[in-house]
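Descriptive structure summary
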Amino acid sequence: MNFIKSKITAIFVSLLLLSSVGCNVNLQELKNVKDFTAKEAKSNQLVALKKTETNMKSDVQIMATLDNSQIGVAEPVIVKLNVENKTSETIKLDFGHDRKENLKFILTYPNDERSELPQYSATGGLIRIGKVIIKPGDTYTQELVLNEWADFSQKGKYLVEGQVITPITDAAGKIITSNPKFKFDFEIVPDNQESLRKLSEKLLDIIKETDSYEARASAANALTRISSPVVIPYLKEALKGNNQTDPFIINKLREMGGEIAVEVLISAYNDSPDSEKLALIIGSLKTIEMNSSDENLKMKIQQALSS
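Attention here is on the structure that accompanies the text.

How each quantity is defined
Residues numbered from 1 in each chain as written. Predicted model: local features only at pLDDT ≥ 70, side-chain atom pairs only at ≥ 80, totals over all residues. Heavy atoms only, no water. Helix = DSSP H or I, 4+ residues; strand = E, 2+ residues; numbered from the N terminus. Contact = heavy atoms within 4.5 Å. Areas by Shrake-Rupley, 256 points an atom, 1.4 Å probe, with all protein chains shown as cover. Pairing = 2+ DSSP bridges. Expected span 1.5 Å × (residues − 1). Buried < 20%, exposed > 50% of the residue type's maximum accessible area, 1.4 Å probe, protein only. Polar contact = N/O pair within 3.5 Å; in protein donor to acceptor, adjacent residues only side chain to side chain. Phe/Tyr/Trp six-rings, centres within 6.5 Å; stacked < 30°, edge-to-face > 60°.

This part is about the overall build of the chain. For the chain, the count of helices and strands is 8 helices and 12 strands. Pairs at least 24 apart in sequence give 70% of the contacts found in the chain among residues at least 6 apart. Working note: accessible area of the chain is about 17,700 Å², and carbon and sulfur atoms make up 53% of it.

And the structure:
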């Protein structure tokens, strides 16, 4: 009888041990499943976040376009910079002083020389605030006259790699994309006089007829960059009357100097009854005279101012 009891006890203990081991195994399995599920959920969250950030980046596009890929050597290189917001959120971008200071350009010349262009620095006139807000579905566009950064008197093909050195953010300041980049190319070709005249007419019409000061200032900037005598009558006409862009044009002509600038400024000096405008013209002519090494040009200025 004792033998039977001890056997039953041993079997019962064995069953208890097996049950305990099985329970531990099941608990461990449950823990492993729970840990795996948590890790998988976290991983899925990270993947979803990365996909969202990637989509946000791809839904904010910055690109540069030109009306013509071939540009005459005396024409300005006019570039339209577009920032398209395809997201469902408002985005912000800071272009810097006059909406140009935070732009960086690397230029590859026709001889394959590659050079980083100097940073833009505003010199006068009305200066635009650099921060731009773009609502969902909207596109921001501004014109750049690339001659403000470089000289394009060498004929041949150019490659421009552009970059905004500040990030695009959402309304809360979270970075969507850092240092957005864009690229474009064009070719400088021999001048076409008829094309220069048509361009000059178009820019003059904008200066005279458009309500937007920004559009007029951009057109005036481009007009002063035409380096051909063809532009002289158009610049003279642009300075007639009392135009808001007059100080801008006069300052640009002072910066340029040379025969074209002096002829246009002397014409405006002889025609203008406005004392403030006259003072600006006289100051500009004297600056050109002081900085010029051309004795004939100096004499021309002196004679005009003494008459």
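Looking at chain direction, strand 2 (residues 70-72) and strand 12 (residues 181-189) are connected through 3 bridges and run parallel. Its bridge partner lying in strand 12, isoleucine 71 is registered against isoleucine 188. The sheet contact formed by strand 9 (residues 156-164) and strand 12 spans 8 bridges and is antiparallel. Bridging across to strand 12, glycine 156 finds its partner in isoleucine 188.

Let us now look at helix 3 (residues 213-224). Taking 1.5 Å of rise per residue, 12 residues should cover 16 Å, and helix 3 covers 16 Å from first to last C-alpha, within 8% of that figure. Across the 12 residues that make up helix 3, a large majority, 9, are buried. Where helix 3 is concerned, the buried positions are Arg216, Ala217, Ser218, Ala219, Ala220, Asn221, Ala222, Leu223 and Thr224. In this structure, the buried side of helix 3 is in contact with strand 3 (78-85), strand 8 (139-145), helix 2 (193-209), helix 4 (232-238) and helix 5 (246-256). Among the residues of helix 3, the N-terminal cap falls to serine 212, whose side-chain oxygen and the backbone nitrogen of glutamate 214 are separated by 3.3 Å.

Moving on, we come to the packing of aromatic side chains. One pair of aromatic rings is described through two measures. These are the centre distance and the angle between the planes. Per the stated rule, a full pass over the model turns up 9 aromatic pairs. Aromatic side chains phenylalanine 184 and phenylalanine 186 sit 6.3 Å apart centroid to centroid with 25° between the ring planes, which places their arrangement in the stacked category. Comparing phenylalanine 184 with phenylalanine 186, the two get one shared label, buried.

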